[in-house]
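Residues per chain, in single letters:
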Amino acid sequence: YTSTMMKILPLLLLGAVGVGAFAPASRRAASPHALRMSSTVEEDTAVGADSFLQDDDESDLTSKGLLKRDRYVATNRFAVRPGKEAKFEKRWATRKSRLASLDGFRYFHLMRRVTLNDDGSSTYDGGDKKDETNMGNYVSFTVWEKKSHFSAWRKGDAFKEAHGGTSIGAFLSTMVNSALVLQGPPRPAFYDGLLMQSTKPESIPETVDGWRNVAADGINVLPAECFVACNQFYVPAENAASFEQRWAKRESKLKECDGFVAFSMLRRDGQAKGHGTSPMTPDEATYQSTTIWRDRAAFDAWREGNNFRQAHGQKAEGEKKESEEAKKPEGQGPPPQWSKPPTPVFYEGTLVITGEEGA
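What counts and how
- Residues numbered from 1 in each chain as written.
- Predicted model: local features only at pLDDT ≥ 70, side-chain atom pairs only at ≥ 80, totals over all residues.
- Heavy atoms only, no water.
- Helix = DSSP H or I, 4+ residues; strand = E, 2+ residues; numbered from the N terminus.
- Contact = heavy atoms within 4.5 Å.
- Areas by Shrake-Rupley, 256 points an atom, 1.4 Å probe, with all protein chains shown as cover.
- Buried < 20%, exposed > 50% of the residue type's maximum accessible area, 1.4 Å probe, protein only.
- Pairing = 2+ DSSP bridges.
- pLDDT = per-residue confidence, 0-100.
- 1 Å grid on protein atoms, 1.4 Å probe; cavity = no way out; pocket = protein on both sides within 12 Å on 5 of 7 lines; lining within 4 Å.
- Points joined across faces, edges and corners; volume = space filled by probe spheres on them.
- Nonpolar A, V, L, I, M, F, W, Y, C, P; charged D, E, K, R; others polar.
- Phe/Tyr/Trp six-rings, centres within 6.5 Å; stacked < 30°, edge-to-face > 60°.

As for the overall build of the protein
Part 1 of the argument: Looking only at helices and strands, the protein has 11 helices and 11 strands in total.
Part 2 of the argument: For the protein, contacts bridging at least 24 residues in sequence account for 85% of all contacts bridging at least 6.
Part 3 of the argument: By element, 51% of the accessible surface of the protein is carried by carbon and sulfur atoms, the whole surface being about 18,300 Å².

Structure below.
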């Protein structure tokens, strides 16, 4: 416990992204000191996206042949202690946040990593602290219209409110709750969202003052509200432009699929700076395809259908012609663009927040 506190304390002092899941719940009354401090913060840090327009300059990327971003995606990876999953989710469900009301916000969910079973069910994958596979057993996932919108939120009073930074009492509560539930500090990761596709949601989850209105008891985990399929790619910098172009030229029929919610190819923003961020390590993916489905059944239906086979260069059922690539002798096809094979990762998403236009 002591060692965990010592690791988390510096990160909390800096206000790392996402730790605010452990800030005092919005339904608790704030002290007069907290209210005064919140008022001061709002006056001192009222900023808008216009103050960060330089973050939307992509000339350095496009000069290298890379695609322009369609969205900016902020994530935070957590290592939740075994048996503390429901408590972790409750802190998120009851946190103080007005995310949905902020300029540039598009979509949010909290996701827990799962292993897929042959019978169509899923099993929570908590990982193991010994080999650090526990990191990322939970991930917060937020989509912003532009990077400048994210920067404005991160520097503004709404961020501080959501992350327990409006009073000493709120900060101490954040620190203690984090140490009890997490195995080490969170690890933020930021991405340029490329080739974005999304559908308008059939229904909008209820929010109160910009955050989900969900009952959570801290004993049972929250029900899954979406299913997320990811594929992590390890693409060297010299292959990045050709990798993106190959994806850009692919024919996609995802929007025709029942239960499809959104897709984006996430390009890691390795230059992102801020509290809690650290340099990318060689074993971290540089790209990640992320597809959000209504549920596991919708994902399975797509994976077993012709659209999946066509998108992945496989012969559709009843199709007589093989692809040209398949006809080429071994070794004459296009060379791999990654340093090691892609890694699939799956999640159940909960606490979905979205607007009328979707992600």
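That was the structure; now back to the text.
Describing the pairing of strand β9 (residues 260–268)
Part 1 of the argument: Of all 9 residues in β9, 8 are buried; the element is thus mostly enclosed.
Part 2 of the argument: Across 6 bridges, strand β5 (residues 187–198) lies against β9 in antiparallel orientation. Along β9, the bridge assignment pairs glycine 193 with leucine 266.
Part 3 of the argument: The pairing of β9 with strand β10 (residues 287–293) spans 7 bridges and is antiparallel. Note on β10: the bridge partner recorded for methionine 265 is serine 289.

Points about the confidence of the model for the protein
Part 1 of the argument: For the protein, mean pLDDT is 82; residues scoring 70 or higher make up 74% of the total.
Part 2 of the argument: Counting contacts from residues 8–20, a segment whose pLDDT is below 50, to residues more than four positions away or on other chains yields 43 contacts.
Part 3 of the argument: For the stretch residues 314–328, pLDDT sits under 50, and the model shows 14 contacts to residues farther than four places along the chain or on other chains.

Thoughts on helix α4 (residues 85–93)
Part 1 of the argument: The buried fraction of α4 is high, at 7 of 9 residues.
Part 2 of the argument: For α4, every residue scored as buried is listed here: Glu85, Ala86, Phe88, Glu89, Arg91, Trp92 and Ala93.

Description of unusual backbone geometry
Trans is the prevailing form of peptide bonds, just as negative phi is the prevailing case for residues other than glycine.
Part 1 of the argument: In this model, glutamate 132 sits at a positive phi of 65°, which is unusual for a non-glycine residue.
Part 2 of the argument: Note on placement: glutamate 132 falls in the loop between β3 (122–124) and β4 (138–144).
Part 3 of the argument: For glutamate 132, a relative accessible area of 52% gives the class exposed.

Description of empty space enclosed by the protein
Part 1 of the argument: This structure, assessed with the given rule, holds 2 cavities of 30 Å³ or more.
Part 2 of the argument: Forming the walls of the second largest cavity are Val73, Phe141, Val143, Met196, Ala262, Phe263, Ser264, Leu266, Thr290, Ile292 and Ala359.
Part 3 of the argument: Mapped by element, the contributors of at least two residues to the lining of the second largest cavity are β4, β9 and β10.
Part 4 of the argument: When residues in the lining of the second largest cavity are grouped by element, the largest group, 4 residues, is from β9.
Part 5 of the argument: Taken together, the residues that form the lining of the second largest cavity break down as 9 nonpolar, 2 polar and no charged.

Thoughts on the environment of leucine 194
Part 1 of the argument: Topologically, leucine 194 is positioned in strand β5.
Part 2 of the argument: In this structure leucine 194 comes out as buried when scored by relative accessible area, which is 1%.
Part 3 of the argument: Along the primary structure leucine 194 and arginine 267 are separated by 73 residues, whereas in three dimensions their C-alpha atoms are 7.2 Å apart.
Part 4 of the argument: Ignoring sequence-local partners within four residues, the contact set of leucine 194 consists of Leu67, Lys68, Arg69, Asp70, Glu244, Ser264, Met265, Arg267 and Tyr287.

Comments concerning the packing of aromatic side chains
Part 1 of the argument: In this structure the tally under the stated criterion is 25 aromatic pairs.
Part 2 of the argument: On the numbers, 6.1 Å between centres and 85° between planes, the contact of phenylalanine 105 with tryptophan 144 is edge-to-face. Linking phenylalanine 105 in strand β2 (residues 105–116) with tryptophan 144 in strand β4, this pair joins segments that are 39 residues apart in sequence.
Part 3 of the argument: A residue is classified by how much of its surface remains accessible, and phenylalanine 105, at 12% relative accessible area, is buried.

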